[in-house]
Amino acid sequence: AALQQIENNKKVYQEAASEYNIPWQLIAAIHYMEHSLQVTNPGNGQGIYQLYSYTAGGTKAAVYW
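Reading the values: rules and limits
Residues numbered from 1 in each chain as written. Predicted model: local features only at pLDDT ≥ 70, side-chain atom pairs only at ≥ 80, totals over all residues. Heavy atoms only, no water. Helix = DSSP H or I, 4+ residues; strand = E, 2+ residues; numbered from the N terminus. Buried < 20%, exposed > 50% of the residue type's maximum accessible area, 1.4 Å probe, protein only. Contact = heavy atoms within 4.5 Å. Phe/Tyr/Trp six-rings, centres within 6.5 Å; stacked < 30°, edge-to-face > 60°.

1. A short note on the overall build of the chain
- Assigned secondary structure in the chain consists of two helices and two strands.
- Going from the N terminus to the C terminus, the chain shows its helices and strands as α-α-β-β.
- Sorting the 65 residues of the chain into buried and exposed places 26% on the buried side.
- In the chain, the share of contacts with a sequence separation of at least 24, taken over all contacts with a separation of at least 6, comes to 24%.

The structure is reproduced here in structure tokens:
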């Protein structure tokens, strides 16, 4: 199931990867680890695939692609 979801999201990964000159597989791996390949908006409504890390003593630091 995860491989199919990655294939479904591949175009988005490739677009972001080309913009930042990194392998698209890296973005897919981060998406898997940080958001379980979900394509839903986070609670803040700021868009698809936006991921969060908890840093600086538990505050949210946004990571944008």
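Past the structure itself, the notes keep going.
2. Considering the environment of valine 39
- Relative to the helices and strands, valine 39 is located in the loop between helix 2 (24–35) and strand 1 (51–55).
- Note: C-alpha distance between valine 39 and asparagine 9 (30 residues apart in sequence) is 8.6 Å.

3. Side note on the packing of aromatic side chains
- Counted under the stated rule, the structure contains one aromatic pair.
- With a centroid separation of 6.4 Å and 5° between ring planes, the pair formed by tyrosine 13 and tryptophan 24 is classed as stacked. Note that tyrosine 13 is positioned in helix 1 (residues 2–20) and tryptophan 24 in helix 2, a separation of eleven residues in sequence. For the pair tyrosine 13 and tryptophan 24, one class covers both residues: buried.

Worth remembering: the numbers are spatial, not functional.
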